[in-house]
Amino acid sequence: MVNPIRIASLMSLIEVQAFRLSRVEAHPAFATFVKQEPDLTEALGAVRKFWNIFQQDVTNKDPLIESYIDQLEHSTTVLSRDLDKLYSVLGFSDVVIEARVLN
């Protein structure tokens, strides 16, 4: 059984990263970038879908969480680092600090 504190921590991380991702996607420069990288939209949609599945699994206390939580934590952490870079490039540096404090 997965530690409930670990699940709560991952839920918080996902919430923060979803917010940060929404901010990046709303930036005009990101729209230009996505036009050059059409697969990115699909990949980000898949990330959101997986986050939603995890949130539903937590609500339903699905025992399968144990089989994929390591990968989800890793993937969300990698995305967080990528968002740090995007935030810096897009001029959101101050928000990166705030998001890290929430974690």
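Residues numbered from 1 in each chain as written. Predicted model: local features only at pLDDT ≥ 70, side-chain atom pairs only at ≥ 80, totals over all residues. Heavy atoms only, no water.

*Asks:* Honestly, the overall build of the chain in this entry has me stumped. Any pointers?
*Replies:* From N to C terminus, the chain includes five helices and zero strands. Seen in sequence order, the chain has helices and strands lined up from the N terminus as α-α-α-α-α. Burial statistics for the chain: of 103 residues in total, 30% are counted as buried. Of the contacts formed within the chain by residues at least 6 apart in sequence, a portion of 71% connects residues at least 24 apart. Accessible area of the chain: about 6800 Å², with a carbon and sulfur share of 59%. (Helix = DSSP H or I, 4+ residues; strand = E, 2+ residues; numbered from the N terminus. Buried < 20%, exposed > 50% of the residue type's maximum accessible area, 1.4 Å probe, protein only. Contact = heavy atoms within 4.5 Å. Areas by Shrake-Rupley, 256 points an atom, 1.4 Å probe, with all protein chains shown as cover.)

*Asks:* What should I look at first to understand the nonpolar core in this one?
*Replies:* Proteins that are soluble and globular tend to have nonpolar side chains buried together. L10, F54, I69 and L72 are the most contacted members of the largest nonpolar core, which totals 21 residues. Of all elements in the fold, only α1 (4-26), α2 (28-36), α3 (38-59) and α4 (65-90) reach the threshold of two or more residues within this core. Leave out the neighbours within four places in its chain, and L10 touches F54, I69, L72, E73 and T76. (Core = buried A, V, L, I, M, F, W, Y, C linked by side-chain atoms within 4.5 Å.)

*Asks:* How do you make sense of the packing of α1 against α4 when you look at a structure like this?
*Replies:* Contact pair α1 / α4: the axes reach a minimum separation of 10 Å and the direction vectors enclose 30°. Between α1 and α4, the angle is such that the two are roughly parallel. The handedness of the crossing between α1 and α4 is left-handed. Contact residues: R6, I7, L10, L13, I14, Q17, F19, R20, L21, R23 and V24 in α1; I69, D70, L72, E73, T76, T77, S80, L83, D84, L86, Y87 and L90 in α4. (Axes fitted to C-alpha atoms, helices over the stretch in contact; angles between N-to-C directions. Parallel < 35°, antiparallel > 145°, perpendicular 65-115°, else oblique. Left-handed = near helix turned anticlockwise from the far one by under 90°.)

*Asks:* What should I look at first to understand the packing of α3 against α4 in this one?
*Replies:* Each pair of packed helices gets described by two things: the angle between the helix axes and the distance between those axes. Between α3 and α4, whose axes approach to 11 Å, the crossing angle comes to 140°. By the angle class used here, α3 and α4 are oblique. Our pair here, α3 against α4, has a crossing hand that is left-handed. Residues V47, F50, W51, I53, F54, D57 and V58 of α3 form the contact with α4, whose participating residues are I65, Y68, I69, L72, T76 and L79. Looking at the contact of α3 with α4 residue by residue, the classes come out as 11 nonpolar, one polar and one charged. (Nonpolar A, V, L, I, M, F, W, Y, C, P; charged D, E, K, R; others polar.)

*Asks:* Sorry, what's going on with α3 here?
*Replies:* Since the α-helix advances by 3.6 residues per turn, residues separated by three or four positions end up pointing in the same direction. Look at α3: 33 Å from first C-alpha to last across 22 residues, which is about the 32 Å you get at 1.5 Å a residue. For α3, the full list of buried residues reads L44, W51, F54 and D57. Projected down its long axis, α3 shows its buried positions confined to an angular sector of 140°, all on one face. Relative to its buried face, α3 has exposed residues pointing more than 90 degrees away, namely P38, E42, K49 and T59. Considering only its buried residues, α3 is in contact with α1, α2 and α4. At the exit of α3 stands K61, carrying a positive phi of roughly 55°. (Expected span 1.5 Å × (residues − 1). Arc of directions from axis to C-beta.)

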